[in-house]
Amino acid sequence: MVTCINDALYPGTGQAVLRLLRRLGVEVDFPQAQTCCGQPMVNTGYLDEAVPVVRTFVDAFAGYDAVVTPSGSCAGSARHQHSIVARRSGDEALEKAVAEVGPKVYELSEFLIDVLNVTDVGAYYPHRVTYHPTCHSLRMLGVGDRPRRLLEAVRGIRLVDLPGADQCCGFGGTFAVKNADISVAMGADKARHIRETGAEVVVAGDNSCLTHIGGVLSRQRSGVRTVHLAEILASTEAGSIERTLR
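Cut-off values and rules
- Residues numbered from 1 in each chain as written.
- Predicted model: local features only at pLDDT ≥ 70, side-chain atom pairs only at ≥ 80, totals over all residues.
- Heavy atoms only, no water.
- Pairing = 2+ DSSP bridges.
- Helix = DSSP H or I, 4+ residues; strand = E, 2+ residues; numbered from the N terminus.
- Axes fitted to C-alpha atoms, helices over the stretch in contact; angles between N-to-C directions.
- Contact = heavy atoms within 4.5 Å.
- Buried < 20%, exposed > 50% of the residue type's maximum accessible area, 1.4 Å probe, protein only.
- Phe/Tyr/Trp six-rings, centres within 6.5 Å; stacked < 30°, edge-to-face > 60°.
- Core = buried A, V, L, I, M, F, W, Y, C linked by side-chain atoms within 4.5 Å.
- Domains from an automatic or database assignment.
- 1 Å grid on protein atoms, 1.4 Å probe; cavity = no way out; pocket = protein on both sides within 12 Å on 5 of 7 lines; lining within 4 Å.
- Points joined across faces, edges and corners; volume = space filled by probe spheres on them.
- Nonpolar A, V, L, I, M, F, W, Y, C, P; charged D, E, K, R; others polar.
- Salt bridge = Lys/Arg side-chain N within 4 Å of Asp/Glu carboxyl O.

Colleague: Any details on the sheet that holds strand β4 (residues 158-160)? Residues and values, ideally.
Modeller: In space, the four strands of this open sheet follow the order β4-β3-β5-β6, with parallel pairing throughout. Of all the strands in the sheet, just β4 and β6 (225-228) have a single pairing partner and so form its edges. Taking each pair of neighbouring strands and ignoring which way they run, the sheet shows an average axis angle of 35°. Packing against the sheet, helix α12 (residues 207-219) makes contact with β5 (201-204) and β6, and its axis sits at approximately 175° to β6.

Colleague: Break down the environment of Ala 153 for me, citing the residues and quoting the values.
Modeller: Considering the arrangement of structural elements, one finds Ala 153 in the loop between α9 (146-152) and β4. Note on Ala 153: relative accessible area 23%, which makes it partly exposed. Apart from residues no more than four positions distant in its own chain, Ala 153 is found in contact with Thr 119 and Asp 120.

Colleague: Provide a residue-level description of unusual backbone geometry, including the pertinent values.
Modeller: Of note in this structure, Thr 3 is not a glycine but carries a positive phi near 80°. With respect to the secondary-structure elements, Thr 3 resides in the segment before α1 (4-8). Notably, Arg 221 is not glycine yet its phi reads approximately 50°, a positive angle. Counting through the fold element by element, Arg 221 comes out in the loop between α12 and β6. The class of Arg 221 is exposed, set by a relative accessible area of 75%.

Colleague: Any chance you could break down the packing of aromatic side chains for me, citing the residues and the numbers?
Modeller: Enumeration according to the criterion identifies two aromatic pairs in this entry. Measuring from centroid to centroid gives 4.8 Å for Phe 57 and Phe 61, while their planes differ by 50°, and the two rings are tilted. You can see Phe 57 and its partner Phe 61 sitting in helix α4 (residues 47-61), four residues apart, about one turn around the helix. Accessibility classification places Phe 57 together with Phe 61 in one group, the buried group.

Colleague: I'd like a description of the nonpolar core, backed by residues and values.
Modeller: Counting 27 residues, the largest nonpolar core has Leu 21, Leu 108, Leu 112, Ile 232 and Leu 233 as the members making the most contacts within it. Listed by contribution, the elements that provide at least two residues to this core are α2 (11-23), α7 (108-115), β3 (128-131), α9, β5 and α13 (229-234). Broken down by element, this core gets its largest block of residues, five residues, from α13. The two domains that each donate at least three residues to this core are domain 1 (4-115) and domain 2 (128-234). Setting aside its immediate chain neighbours within four residues, Leu 108 contacts Val 17, Leu 20, Leu 21, Val 68, Thr 69, Pro 70 and Ala 230. One finds Val 51, Phe 57, Ala 60 and Cys 74 within the second-largest nonpolar core, a separate group that totals 23 residues.

Colleague: Explain the environment of Ala 33 to me, using residue names and the numbers behind them.
Modeller: Along the polypeptide, Ala 33 turns up in the loop between α2 and α3 (39-43). Note: C-alpha distance between Ala 33 and Phe 61 (28 residues apart in sequence) is 8.8 Å. Contacts of Ala 33, omitting those with residues within four sequence positions, involve Thr 56 and Ala 60.

Colleague: Run through empty space enclosed by the protein, naming residues and quoting values.
Modeller: Summed over all chains, the structure comprises one cavity of 30 Å³ or more. One number sums up the size of the largest cavity: a volume of about 40 Å³. Taken together, Gly 72, Glu 107, Tyr 131, Thr 134, Ser 137, Val 143, Pro 147, Gly 205 and Asp 206 form the lining of the largest cavity. Here the residues of the lining of the largest cavity are counted per class, giving three nonpolar, four polar and two charged.

Colleague: So, the pattern of salt bridges: which residues are in play, and what are the values?
Modeller: Under the definition given, this model contains 11 salt bridges. We note a salt bridge from Arg 79 to Glu 110, for which the minimum N-O separation is 3.0 Å. Separated by 31 residues along the polypeptide, Arg 79 in helix α5 (residues 72-89) and Glu 110 in helix α7 bring together distant segments of the chain. The network of salt bridges with common partners includes Arg 148, Glu 152 and Asp 161.

Below, the structure written as structure tokens:
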């Protein structure tokens, strides 16, 4: 499940997930019928309008052993919001389909550690990195330290602690539009903490949050790059050497 933002703005993240999972021996399919998870509609109160979106989701991902997504936010929507939408619709068939598909949806780090039972995925990333745990992954899904455990096993990485790591970056989807001043202030706090670490790269499991954080960092001309967790885990020493030779 690539997610809307990755499909539209960060296709490299989706490609990284495919490379990583295939390297680990997983048979990966990409259902062309997939669309939005419906979270923007649910979060703004349009639950009835979300019904056809949820129906499309369960139809697209029915029959798979697992649905893996590089987003705690979208995984959280599928696991927790879809059942609310289905119950409200009164469609028993939809409720049953959601009950079957929803529990099979995993945020990337959950799938790697809980299903594949791996922490060392053979990655190589020789950079100073700090990790921002996103709100939905931390609070809704409860991924805990899974992403950090995966990062700690990456060869060459210098992982540094982020002050106030568990504090929201200020994005929050439509929150950033409806409460722009507060959102920017929260983003500025997050950017300040990131710069304090001296990191070259800030990593997270959601590109929506990284878009917000990256926007602030770029306007500050900080030089700090934002990189999705999947792209670091998909990086290898062979790939690094190949890029250097080019």
